[in-house]
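# Topology and contacts: notes
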Amino acid sequence: MTATIALVDDDRNILTSVSIALQAEGFVTRLYSDGETALKALVDNPPDLAIFDIKMPRMDGLELLRRLRERQATPVIFLTSKDDELDEALGLAMGADDYIAKPFSQRLLIARIRAILRRTELVQAGPAGAAEVAAGELVRGRLAMDTARHRVTWNGKPVTLTVTEFLILETLAQRPGIVKTRNQLMDAAYQDDIYVDDRTIDSHIKRVRRKFRQCDPEFDAIETLYGAGYRFSEE
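By the naming in an unreviewed UniProt entry, the chain is Response regulator transcription factor, taken from Sphingomonas qilianensis.

This is the structure in structure tokens:
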């Protein structure tokens, strides 16, 4: 099935050039020049993946992502200004799956898109051969993860995670009590030799904790082992 990519950028030249490159790779593209117009379209008809510029008039990419995340977990790649670490940190903290600094290589962008789409397929397929998973479900105490439907609950309450967040949590929950290094979590969530730094994983972990604490203020199942990594606590 052909993947649909939504592009949101107020720069018409970027919209046109990226759209042509993606269509040449077999993707279907939908183009939006501002966040307000894009939000309704993305909610009404979610794409397989979306690419947001951050600095846009009317509604910037950060606000667009915030509002979108209230409704769905569509994978999102941010386009940021070169070396603008604040944009990157905010985007990851709000639930973006990846970011690319402008100016960027279209080949790199396409590689990142394909990597995230493959991660989406991995989440939907579930971990093959895992003995603990029955009918696509992973249960750890109050945590339940339905890998086939990309659904997560804590104490029966739904928690909406992005694809990247889901893969990180799944990696931790598969072996409770076992410490996973940041590199191991990177390998689980990012493939195809895509480099991310420690801050990226830390930002995703903070975002996951924040989401769980919205339904349970006492949530503490993800533990930090300073200098070592993270683990899912055994209850």
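There's more to say after this.
Attention shifts here to the nonpolar core. Counting residues in hydrophobic clusters, the biggest one holds 25 residues, and the most contacted among them are Leu143, Val152, Trp154, Leu169, Phe212, Ile222 and Phe232. Secondary-structure elements contributing two or more residues to this core are strand S7 (143-146), strand S8 (151-154), helix H6 (163-174), helix H7 (182-189), helix H8 (198-215) and strand S11 (229-232). Setting aside its immediate chain neighbours within four residues, Phe232 contacts Arg140, Leu143, Trp154, Leu169, Leu172, Ala173, Pro176, Gly177, Ala221 and Ile222.

Here we come to helix H3 (residues 61-69). Those residues of H3 that fall on the buried side of the exposure criterion are Gly61, Leu62, Leu64, Leu65, Leu68 and Arg69. All buried residues of H3 fall inside an arc of 160° around its axis, so they share one side. Two or three places before Leu62, at the start of H3, stands the capping residue Asp60, its side-chain oxygen 3.2 Å from that residue's backbone nitrogen.

Right, let's get into the pairing of strand S1 (residues 4-8). When you tally the buried positions in S1, you get five out of five residues, the bulk of the element. On S1, burial covers both faces: Thr4, Ala6 and Val8 on one face and Ile5 and Leu7 on the other are all buried. Inspection of the sheet shows S1 paired to strand S2 (residues 28-32) by five bridges, in the parallel sense. The partner of Ala6 across the bridge, within S2, is Arg30. Across four bridges, S1 lies against strand S3 (residues 49-53) in parallel orientation. Residue Ala6 lies in a different strand from S3, and its bridge partner there is Ala50.

A word on the packing of aromatic side chains. Under the criterion given, the structure shown has four aromatic pairs. A ring pair is formed by Trp154 and Phe212, whose centres lie 5.8 Å apart and whose planes are at 90°; its orientation type is edge-to-face. One end of the pair, Trp154, is in strand S8; the other, Phe212, is in helix H8, and 58 residues separate them in sequence. Neither residue differs from the other here; Trp154 and Phe212 are each classed as buried. When the centroid spacing of 4.6 Å and the interplanar angle of 20° are considered together, the rings of Phe212 and Phe219 count as stacked. For Phe212, a relative accessible area of 0% puts it in the buried group. Judged by relative accessible area, which is 3%, Phe219 ranks as buried. Taken together through their ring pairs, the aromatic side chains of Trp154, Phe212 and Phe219 make up a single cluster.

Time to look at helix H1 (residues 12-24). Spanning 13 residues, H1 covers 18 Å between terminal C-alpha atoms, matching the ideal 18 Å at 1.5 Å per step. When we look at burial in H1, the residues that qualify are Ile14, Leu15, Val18, Ser19, Ala21 and Leu22. Along the axis of H1, the buried positions cluster into a sector of 165°, meaning they face one direction only. Every exposed residue of H1 that faces more than 90 degrees away from the buried side is listed here: Arg12, Asn13, Ile20 and Ala24. With a side-chain oxygen lying 2.9 Å from the backbone nitrogen of Asn13, the N-terminal cap of H1 falls on Asp11. Two residues or fewer past H1, Gly26 is found with a positive phi of approximately 95°.

Reading the values: the criteria
Residues numbered from 1 in each chain as written. Predicted model: local features only at pLDDT ≥ 70, side-chain atom pairs only at ≥ 80, totals over all residues. Heavy atoms only, no water. Core = buried A, V, L, I, M, F, W, Y, C linked by side-chain atoms within 4.5 Å. Buried < 20%, exposed > 50% of the residue type's maximum accessible area, 1.4 Å probe, protein only. Helix = DSSP H or I, 4+ residues; strand = E, 2+ residues; numbered from the N terminus. Contact = heavy atoms within 4.5 Å. Arc of directions from axis to C-beta. Polar contact = N/O pair within 3.5 Å; in protein donor to acceptor, adjacent residues only side chain to side chain. Pairing = 2+ DSSP bridges. Phe/Tyr/Trp six-rings, centres within 6.5 Å; stacked < 30°, edge-to-face > 60°. Expected span 1.5 Å × (residues − 1).

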